[in-house]
Amino acid sequence: MNFLTKWAFRNKASVTLLVIISLIAGAVSYYRLPMEFLPEAANPQVSVITIGQGYDAGSLAKKVTDPIERAVTSVKGKKSVLSTTGDGYSQVQINFDSKTNMKEAKREVEDLLSGVSLPKNVAKPQVSQLNTSMIPIAQVSLTFDEGITKETTEQAQKKLLPLFENKKSIAQASIFGENTPQIEVKLDQKKIQEKKLPLNTMMTALQGQNVSTSAGEVTLNQKKSAILVTDNVKSLDTLRKLPIPQASPQAPSVTLGDVASIKLKNGSNNLMRINGNESLAIMIMKESAASAVTTSKDVKDTIAAINKDNPGVKAKLLFSTGEMVEDSVNSMMREVLIGALFATLIILVFLRRFKPTLVTIVSIPLSLGITLLLLWLSGITLNILTLGGVAVAVGRLVDDSIVVVENIFRKSQKQAFSKEVVMKATTEVARAITSSTLITVAVFLPMGLVNGSLREFLLPFGLTVTYSLLASLLVALTVVPLLSNGMLKKMKLPAHREPKRYVGLLRWSLNHKYVPILLAVVVLVGSIGLYVALPKGATDSESAGMASIKMEFPSNTPVADLKKQLTSFEKKLTALSGTKYIISQYGVSESGAKYGAVGEPNVVDFTVIMNDNKGANAFIDEVNKLKKEEQNVEITASAASMSGGAGGAVITYDVMGSNVDEVVTTSKDIMSRVEKIDGVKKVSSNQEKTVPLYTVQVKSEKANAEAAAQQVASLISPMPIGAITLDEQTVPVVLNADLTPTKANQLKKLPVLTPKGVTTLGNIATITASEQPSTVLTKDGKPYVRVSMDVEPEQLSEVAAKVDSNIKKVKLPKGVSYEQGGAAQQQGSDFVDLGLTMLASIVIVFLIMVMTFKTIRAPLAILMTLPLASIGAVLGLLLSGVSADPTALIGGLMLIGIVITNAIVLIDRVKQNEEHMIMRDAILEACATRLRPVIMTAVATVFAMIPLLFTEAEGGSLVSKSLAVVVIGGLSVATVLTLVIVPVFYELLHFRKSKRQRQKAAQKNDLSL
């Protein structure tokens, strides 16, 4: 790489111009780069959600879920199919292999579902493939002085929503919280009995209505014409005048309005409240090329326009990831600047001169400018991962420049300063810093081997570090020598002092090799034992500006009681301090289904946004006190984030089999075994919720079972009987018989029409009571139960091992099996992937060193730094009490590149000295010469990482306290041990050669005497 330095000296004007262009281009790139919370990463799962209001779980499972499952059986790349069917909804989740092209997979699922025939009044299946780009950029609340009515909902849809959609930075805006309007036909039982009308005639009143069908073609007036038959049911008045079919033609005419009240009303299938007021919410997605900050500004401007131009409407910004991104960018840039300041102070302390310090730190802004330009050209966004890459690389950015400047500084202490001295000093270290930088870059290349979502996060992180390091190498070989030649020319330098104590220690260690080697082996074995014993955790968001609260009611809780308790608890939450917005959601909706979200009929979700985006943990403690006052409901509260929902770690076990009773029994056995394990906070299953089941066994000789079932269904709950077009909108019509029984014995008294006339249900059937699950669950077509255990992320591996040990003791019935999933399975997968990445990195590093030194023994000695670094990494985790999570392994991955740099700088000098010295003298001189730059680079990197120890990790970020602890601990210990162990191992690998050289040197000395 010497040609770069020579070229720089021959083209000083060009280098100056390139420096200015790089700084300007970097600044422009910073403002042009799209800012977003996370890079786009696809979840290998496709969700199919179908809303069927008025249908129970059993009916939807047979008529909707089963056909969908059969349709997607042949989809490519499918790993498993899970389905959950409850009252009013069906959810089918198709899990794919991590290598599957998810856009193609979604398209294939949509094509397969196009041929599925579903019942009337069931909404079209919503197919969604979730990824990080679907995290809303903002959520806006809309409240109206008149409340949520048909008119205000239309105003939101037709007038307010387009204001957001018309912005260039916004890709999509969707309204949540709107209730589907429906027409309720509420029967008057007294009038029906007076008119002696059977119930089934009410159910057929709308049959054949709301149609538009072709009756064929005919030639009229000598022209071929088509006949189109349509209806005229376009209003409630027309619906009231519909005649009810009667058995006798002589019977007086009766209309639907004579025996029923007909009203247009909002359905009660879902509810959204914000700070206690019924509201609508608008979810906003940004364009892929747009910046989150720009989109956030457009949203705020639109909100201001809505509030100004629409009296009676109040729009508020609930949250904006644009603000979060801006805060994250500012926070991370602050850490970068503090790290750069620490690195600068360290250089100043060692060199004790301002000018060489200034020359060295020039590499930081220049390298960052080039990095930002390359990120922009690569189409990579500025997010918490790319910023994290900059934060962890900032200490390493000055390493190459430190080695170059220190060598120039040292040489200038011994001889007169000149251009030739500068070039020679740079040439001496060029090979070492080039190979060490390429090795550090090579460490990040195998990140493409990691599977799943972790790869999507590692690649931007790795590319950012790669760009930064390559830029710093370029600066160190071109700009730094030029600046040194200009700024250090007239500077008075102190005499160079040899590190005599260190040289004495090293000489003793070389003469007693077994002592440092034995010490290193003992400490290494101890660190391996400590690592095995260390608890392995899951990645977790340390900052908590949001909280998620779930109220889970018994499945048979009436909707009115649920809403009453919801409102009461909501008031208690509002009274707690620190909350900014409390969003309450209940029920299922088609708008939520588009994004793979479906709520259970007995579950209320609260999302709490805290003031100043912090304080959620204290709020959760208060909620846990409040929930003790609530009865007949289970309440859970946890920290949440925009990127990953609730915090914490969950271990899951899926119990599968063909016999439902055996599956349920086995799941209960598993739950009883694990619920008392220390570290398990909560045990639950997806089949705990049951509802009373009354089985009506119809006597076939007295009535038709299907006809009886249809009549009973319409009597006990509102039943869809058709739809009409109202104001150019299809509105479902629901029949409410107003006969809902409140006690079990009232079922027998329900009127039923049979061929022999009207009788009671008790006369034609026997009724038996039992309990059944409130949801129908299948996995790959077989019944399954998922047992979930909530654990603390930092105790994940410990608890998972205990859980697994206990579950292995469960005796499984024939045909029943279980599979582990959740955080424990994901952790194992992540650790294996990162372990393979480390091995691949070491192989690449070794290959580059062999190519650099053209020998195997020198690279082997350099690789001794890796076990030395592991000692410090494990000790750091142990002393700090931080668990070893996947981000700690990423820190270990970084250590491979960082610690080898120091060893390369040492051994490269040894190899240069061996050209004119014996090996022992070459080692002693090289270590004495390279002591200062090795310590300077290590300390600068350590101090640059210190701010990360005290920063709170954003959800989804790979830059965490555990990563910083591993790098700081590993580098600190490795640096100290490297200065002794690596030289000792190097001479040990050349033991005979070194011994012969020393003997010859001793003989020459004897002869000279």
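This one's a predicted model, so the numbers in the text were calculated from it and none came from an experiment.

Novice: What is the right way to read the overall build of the protein from this model?
Specialist: Along the protein, the regular secondary structure elements total 34 helices and 30 strands. Taken across its 1009 residues, the protein has 52% of its residues classed as buried. Residue pairs at least 24 apart in sequence account for 81% of intrachain contacts in the protein once pairs closer than 6 positions are excluded. If you sum the accessible surface of the protein, you get close to 46300 Å²; carbon and sulfur atoms cover 55% of it.

Novice: What exactly am I supposed to notice about the nonpolar core here?
Specialist: Across soluble globular proteins, nonpolar side chains have a tendency to be buried as a group. Counting residues in hydrophobic clusters, the biggest one holds 120 residues, and the most contacted among them are Met-849, Ile-862, Ile-896, Ile-900, Ile-904, Ile-923 and Tyr-986. Two domains each provide a minimum of three residues to this core, namely domain 1 (1-32 + 353-490) and domain 3 (498-533 + 855-1008). Ignoring any residue separated from it by four or fewer positions in sequence, one finds Ile-862 in contact with Met-849, Phe-853, Ile-900, Ala-903, Ile-904 and Ile-907. Phe-164, Ile-282, Ile-303 and Leu-318 belong to the second-largest nonpolar core, a separate cluster that totals 53 residues.

Novice: How should a nonpolar patch on the surface be read in this particular structure?
Specialist: Together, Leu-341, Leu-345, Leu-348, Phe-354 and Leu-358 line one region of the surface with nonpolar side chains, adding up to about 450 Å² of accessible area. Sorting the residues of the nonpolar patch by element identifies helix 11 (321-351) and helix 12 (354-361) as the ones contributing at least two each. Counting residues per element, the nonpolar patch draws most heavily on helix 11, at three residues. Following the sequence through the fold, Phe-354 ends up in helix 12.

Novice: Any chance you could explain the pairing of strand 5 (residues 138-144) here in plain terms?
Specialist: Look at any regular strand and the pattern is simple: side chains alternate between the two faces of the sheet. Taking burial as the measure, the seven residues of strand 5 include seven buried ones, the bulk of the element. The alternating pattern of strand 5 places Ala-138, Val-140, Leu-142 and Phe-144 and Gln-139, Ser-141 and Thr-143 on opposite faces, both of which are buried. Where strand 5 lies against strand 13 (residues 280-286), five bridges are found, and the strand directions are antiparallel. Looking at the pairing, Ala-138 lines up with Ile-284 of strand 13. With seven bridges connecting them, strand 5 and strand 14 (residues 313-320) associate as antiparallel partners. Directly across from Val-140, in strand 14, lies its bridge partner Leu-317.

Novice: Can you help me understand the side chain of Glu-914 in this one?
Specialist: Along the chain, Glu-914 falls in the loop between helix 31 (886-913) and helix 32 (919-949). The residues touching Glu-914, leaving out its near neighbours within four places in the chain, are Met-919, Ala-922, Tyr-986 and Lys-993.

Novice: Could you clarify how one ought to interpret the confidence of the model for the protein in this entry?
Specialist: Detailed reading of the predicted coordinates is not advisable wherever pLDDT falls low. For the protein, the average pLDDT comes to 79, and 82% of its residues sit at 70 or higher. Confidence over residues 537-543 falls short of pLDDT 50; this stretch has 32 contacts with residues more than four positions distant or in other chains.

Novice: Mind showing me how you'd approach the sheet that holds strand 6 (residues 170-176) here?
Specialist: The strands making up a sheet associate through hydrogen bonds between their backbones, and the pairing can be parallel or antiparallel. Across the sheet, which stays open at both edges, the four strands sit in the order 6-13-5-14 with antiparallel pairing between neighbours. The open sheet has two free edges, formed respectively by strand 6 and strand 14, since each of these has just one partner strand. Geometrically, the sheet is characterised by an average inter-axis angle of 20 degrees between neighbouring strands, direction not taken into account. Helix-sheet contacts for helix 5 (residues 150-165) involve strand 5, strand 6, strand 13 and strand 14, and the interaxial angle to strand 6 is about 165 degrees. Its contacts with the sheet put helix 10 (residues 292-309) on strand 5, strand 6, strand 13 and strand 14, and the angle it makes with strand 14 is roughly 165 degrees.

Novice: In this structure, what is going on with the environment of Val-982? I would like to understand it.
Specialist: Residue placement: Val-982 occurs in helix 33 (residues 961-989). Here Val-982 falls in the buried class, since its relative accessible area comes to 0%. For the pair Val-982 and Ile-517, spaced 465 residues apart in the sequence, the C-alpha separation amounts to 9.8 Å.

Novice: Whenever I open this one, the packing of helix 30 (residues 865-880) against helix 33 confuses me. Can you help?
Specialist: In contact at an axis separation of 6 Å, helix 30 and helix 33 are set at 135 degrees when each is read in the N-to-C sense. By the criterion of interaxial angle, the relationship of helix 30 to helix 33 is oblique. Handedness of the crossing formed by helix 30 with helix 33: right-handed. The residues of helix 33 that touch helix 30, namely those facing Thr-865, Leu-868, Ala-869, Ile-871, Gly-872, Ala-873, Gly-876, Leu-877 and Ser-880, are Ser-962, Val-965, Val-966, Gly-969, Gly-970, Val-973, Ala-974, Leu-977, Thr-978, Ile-981 and Val-982. For the contact of helix 30 with helix 33, the residue count by class is twelve nonpolar, eight polar and no charged.

Novice: Teacher, can you tell me more about helix 3 (residues 57-71) here?
Specialist: Residues separated by three or four positions in an α-helix point in the same direction, a consequence of the helix having 3.6 residues per turn. Under the 1.5 Å per step criterion, the end-to-end length of helix 3 is 20 Å for 15 residues, consistent within 8% with the ideal 21 Å. For helix 3, the principal kink sits at Thr-65 and spans about 35 degrees; a proline, Pro-67, occurs within the next four residues. Along helix 3, the residues classified as buried are Ala-57, Leu-60, Ala-61, Val-64, Thr-65, Pro-67, Ile-68, Glu-69 and Ala-71.

Novice: Help me understand the environment of Tyr-502 in this model?
Specialist: Looking at the secondary structure, you find Tyr-502 in helix 19 (residues 500-511). Spatially, the C-alpha atom of Tyr-502 lies 8.8 Å from that of Leu-931, the residues being 429 residues apart in sequence. For Tyr-502, the residues in contact, after removing those within four places along its chain, are Cys-927, Ala-928, Leu-931 and Leu-979.

Novice: Please explain the environment of Ala-61 as it appears in this structure.
Specialist: Along the chain, the position of Ala-61 falls in helix 3. Ala-61 sits 717 residues away from Thr-778 along the chain, and the two C-alpha atoms are 9.8 Å apart. Not counting chain neighbours up to four residues away, the residues in contact with Ala-61 comprise Asp-66, Thr-85 and Val-776.

Novice: What is the right way to look at the pattern of salt bridges in this model?
Specialist: Any two side chains of opposite charge can pair, given that their charged atoms come close. One pass over the full model with this rule turns up 23 salt bridges. Glu-104 serves as the salt-bridge partner of Arg-107, at 2.8 Å between the closest nitrogen and oxygen. Of this pair, Arg-107 and Glu-104 both sit in helix 4 (residues 102-113), three residues apart, which is roughly one turn of that helix. Judged by its relative accessible area of 42%, Arg-107 is partly exposed. A single salt-bridge network, built from bridges that share partners, covers Arg-410, Lys-411, Glu-428, Arg-909 and Glu-925.

Novice: How should I be thinking about the side chain of Asn-95 in this particular structure?
Specialist: Within the secondary structure, Asn-95 is located in strand 3 (residues 89-96). Polar contacts involving the side chain of Asn-95 include one to the side chain of Gln-45, which spans 2.9 Å. With residues near it in sequence (within four places) discarded, Asn-95 still touches Pro-44, Gln-45, Gly-77, Lys-78, Lys-79, Ser-80 and Leu-82.

Novice: Would you mind going over a positive patch on the surface with me for this structure?
Specialist: Positive charge collects at one region of the surface, where Arg-992, Arg-996, Lys-1000 and Lys-1004 lie side by side. By secondary structure assignment, the location of Lys-1004 is in helix 34 (residues 991-1008). Here Lys-1004 falls in the exposed class, since its relative accessible area comes to 63%.

What counts and what doesn't
- Residues numbered from 1 in each chain as written.
- Predicted model: local features only at pLDDT ≥ 70, side-chain atom pairs only at ≥ 80, totals over all residues.
- Heavy atoms only, no water.
- Helix = DSSP H or I, 4+ residues; strand = E, 2+ residues; numbered from the N terminus.
- Buried < 20%, exposed > 50% of the residue type's maximum accessible area, 1.4 Å probe, protein only.
- Contact = heavy atoms within 4.5 Å.
- Areas by Shrake-Rupley, 256 points an atom, 1.4 Å probe, with all protein chains shown as cover.
- Core = buried A, V, L, I, M, F, W, Y, C linked by side-chain atoms within 4.5 Å.
- Domains from an automatic or database assignment.
- Patch = residues over 30% accessible without salt bridge, like charges linked within 9 Å, V, L, I, M, F, W, Y side chains within 5 Å.
- Salt bridge = Lys/Arg side-chain N within 4 Å of Asp/Glu carboxyl O.
- Pairing = 2+ DSSP bridges.
- pLDDT = per-residue confidence, 0-100.
- Axes fitted to C-alpha atoms, helices over the stretch in contact; angles between N-to-C directions.
- Parallel < 35°, antiparallel > 145°, perpendicular 65-115°, else oblique.
- Left-handed = near helix turned anticlockwise from the far one by under 90°.
- Nonpolar A, V, L, I, M, F, W, Y, C, P; charged D, E, K, R; others polar.
- Expected span 1.5 Å × (residues − 1).
- Bend = angle between axes of the 7 residues up to and from the residue.
- Polar contact = N/O pair within 3.5 Å; in protein donor to acceptor, adjacent residues only side chain to side chain.
- Lys, Arg positive; Asp, Glu negative; His and termini not counted.
- Charge placed at Lys NZ, Arg CZ, Asp CG, Glu CD.

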